[in-house]
Amino acid sequence: MTIQSRTDIDLLRTDIKHLVHPHLPSSETQRVIMTEGRGCRLTDASGRKYLDATGGLWLAQIGHGRPEMAEAAAEQMRTLEYFTSFWDYSNDKAIELSERIISLAPENMSKVFFTSGGSEGDDAAIKTARYYHYVNGRPNKNWIISRRTAYHGLAYGGGTATGFADMAEGQGPHLPNVTHLTPPHGYRTHLFNGEDVTDYCVRELEERIQQIGPENIAAMIGEPIMGVGGFIIPPADYWPRMQEVLDRHDILLISDEVVTAFGRTGSWFASPDHGMRPDIIVTAKGISSGYIPLGAVLMSEEIGQAVTGGHGYPVGYTYSGHPVACAVGLKNLEIIESENLLAASKSTGALLYALAAPLATELDIVGEVRHAGMGLALELVTDKTSRTPLPQNGRSVADVIRDETGVIVRVSSPTNLVLSPPLVMTEDEAVTAVSAVASVLRRVRPDGSIV
Ligand code: PLP
């Protein structure tokens, strides 16, 4: 980044002095200080322009800087900026948004609990699953099954289900009674000892259930497609067969759709597309396109009835059902529908894939290219035979792409180059994004260095 004005330098100094950034070593002195966004375009404090091919963190569905969203928030602030949703208090916008979400959700969904984001939602979902069994007289049915390289936020509940050791290090003890299985990452064949991916994962699930005892297991939590894990798309028979095992043992399924819901994969919800029949669905991100912090936990009628009986649902946050957040969420869903952004996600996503897929043939360091809707991952390796993850040698590939071309992409877990652009990305922008990626990948050596 070129610092061009005093203001930029002041912002940089102040950022370094006061602002704590997730996952940024304090030795790093570079910042990209965003000040403006329109569509897929961003501008930083120095005036430099960027093309956003990540939607920040997998969101920005409707694109940046939309005045109708600002108007929806302002209108609601003028009318009722806040009141609680605890006890018998409610508000019209939370009610309308709950109805709208249920109308879009898989048909067994019936109840909505609002949060301010995905981590709160995953915690609420885990509590809900345990509490459901508790009120049904099975207090020991409290284990949670998750998977390695899963991402369920970084609060203590969902954070324990998250399957990255480095994110949990030094903060224990974590939530007890959480166990992790193998992710269905077919490209990483060594994980499965030559066995079919689904056969392996289903057998492992059965074995783990027998070890812990089905009477002790509350739920399995899983993303339909593992986002942070590297946009891992499971084999088509994975979720149907996992679901069958869970059903047989009366184990609930929590589908974490924080990344996938509201159009990322081309559907309102990805669970049905992958053969999941969840009891609880966690959403956030695309529900408001990031214009305001918002999330929603959806529950089946049976779960909802059970956990709201007695003295009422024992989970709640000050901002649950926040009227401004819900008004913004409603406007966002209206835009996704009226502008056909689910269809755009499929068609522009297919274009991104068509442009990127040949790189797996052309370059030895691109092992596999995966996509669903507007999610795209290029798995980077030292070579196609060993499939060893490409080491980082110097600056990360994503940083070099950004600094050289202004296109923002992300490296995830540990060497997948991931694109998750706003669904409003134009075809020209898609071409620009993949060209930028290709221009740098063509110069990456097997040792990870960039020439
Ligand atoms: N679940 C999934 C699948 C996610 O990808 C994320 C964030 O990326 C979360 C949960 C956590 O959401 P938040 O960062 O809003 O707390």
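Sequence order as written defines residue numbering, which begins from 1 separately in each chain. At least 70 in pLDDT is required for a residue's local features to be given in this predicted model, at least 80 for side-chain atom pairs to be given and counted, and no such filter applies to totals for whole chains, interfaces and linings, which use all residues. By convention in this description, side-chain values take in all heavy atoms of the structure and omit both hydrogens and water.

### Here we look at the pairing of strand β15 (residues 416-419)
And then number 1: Only protein chains enter the area calculation, which uses a 1.4 Å probe; residues under 20% of their type maximum are buried, those over 50% are exposed, and those in between are partly exposed. Secondary structure counts use DSSP, requiring at least four H or I residues in a row for a helix and at least two E residues in a row for a strand, with both numbered from the N terminus. By the alternation rule, side chains of β15 split into Asn 416 and Val 418 and Leu 417 and Leu 419, which are all buried.
And then number 2: Only strands joined by at least two bridges in the DSSP assignment are considered to pair. Here 4 bridges tie strand β12 (residues 375-380) to β15, and the two strands are oriented antiparallel to one another. Bridge pairing links Leu 378 to Leu 417 in β15.
And then number 3: With 3 bridges joining them, strand β14 (residues 410-412) and β15 adopt antiparallel strand pairing. Opposite Val 411, over in β15, you have Leu 417 as the bridge partner.

### Brief notes about a nonpolar patch on the surface
And then number 1: The residues that make up patches have over 30% relative accessible area and no salt bridge, and they are joined within 9 Å when like-charged or within 5 Å when they are Val, Leu, Ile, Met, Phe, Trp or Tyr. Here the Shrake-Rupley method, with its probe set to 1.4 Å, supplies the accessible areas, and only the displayed protein chains count as covering residues. The salt bridge criterion pairs a side-chain nitrogen of Lys or Arg with a carboxyl oxygen of Asp or Glu, the two atoms within 4 Å. A cluster of nonpolar side chains, namely Leu 80, Phe 83, Phe 86, Trp 87 and Tyr 89, defines an oily patch on the protein surface of about 540 Å² accessible area.
And then number 2: Position of Trp 87 among the secondary structure elements: in the loop between α3 (67-79) and α4 (92-104).
And then number 3: Judged by relative accessible area, which is 72%, Trp 87 ranks as exposed.

### Observations concerning the pattern of salt bridges
And then number 1: All chains considered together, the criterion is met by 29 salt bridges.
And then number 2: Arg 248 is the salt-bridge partner of Glu 206, the closest N and O atoms lying 2.7 Å from each other. Taken as a pair, Glu 206 in helix α8 (residues 197-212) and Arg 248 in helix α9 (residues 238-248) lie far apart in primary sequence, 42 residues in all.
And then number 3: Under the relative-accessibility criterion, Arg 248 is labelled partly exposed at 47%.
And then number 4: Between Arg 442 and Glu 362 there is a salt bridge; the shortest N-O distance is 2.6 Å. Residue Arg 442 is found in the segment after α15 (427-441), and its partner Glu 362 is found in helix α13 (residues 358-362); the two are separated by 80 residues along the sequence.
And then number 5: Looking at Arg 442, the relative accessible area reads 48%, which means it is partly exposed.
And then number 6: Judged by its relative accessible area of 44%, Glu 362 falls in the partly exposed class.
And then number 7: Each member of the salt-bridge network shares a partner with another, and the members are Arg 188, Glu 368, Arg 370 and Glu 379.

### Comments concerning the environment of Gly 367
And then number 1: By secondary structure assignment, the location of Gly 367 is in strand β11 (residues 366-372).
And then number 2: When the C-alpha atoms of Gly 367 and Arg 410 are compared, they prove to be 17 Å apart, with 43 residues separating the residues in sequence.
And then number 3: Every residue pair with non-hydrogen atoms within 4.5 Å of one another is taken to be in contact. Excluding anything up to four places from it in sequence, Gly 367 contacts Tyr 187, Glu 379, Val 381 and Lys 384.

### So, the layout of surface pockets
And then number 1: Each pocket or cavity is described by its volume, and for the second largest pocket that value is around 620 Å³.
And then number 2: Buried and open spaces are told apart on a 1 Å grid over the protein atoms alone, a cavity being a set of points where a 1.4 Å probe fits but cannot get out and a pocket being an open set with protein on both sides within 12 Å along at least five of seven lines. Residues with an atom within 4 Å of a point are the lining residues. Lining the second largest pocket are 23 residues, and of these Ser 85, Val 112, Phe 113, Tyr 313 and Val 315 sit closest to its centre.
And then number 3: Those elements giving two or more residues to the lining of the second largest pocket turn out to be α4 and β4 (109-115).
And then number 4: At 4 residues, the largest contribution of residues to the lining of the second largest pocket is made by β4.
And then number 5: Charged residues are taken to be Asp, Glu, Lys and Arg, nonpolar residues to be Ala, Val, Leu, Ile, Met, Phe, Trp, Tyr, Cys and Pro, and polar residues to be all remaining types, Gly included. Classifying every residue of the lining of the second largest pocket by side-chain character gives 13 nonpolar, 9 polar and 1 charged. Grid points are joined across faces, edges and corners, and a volume is the space filled by probe spheres set on the points.

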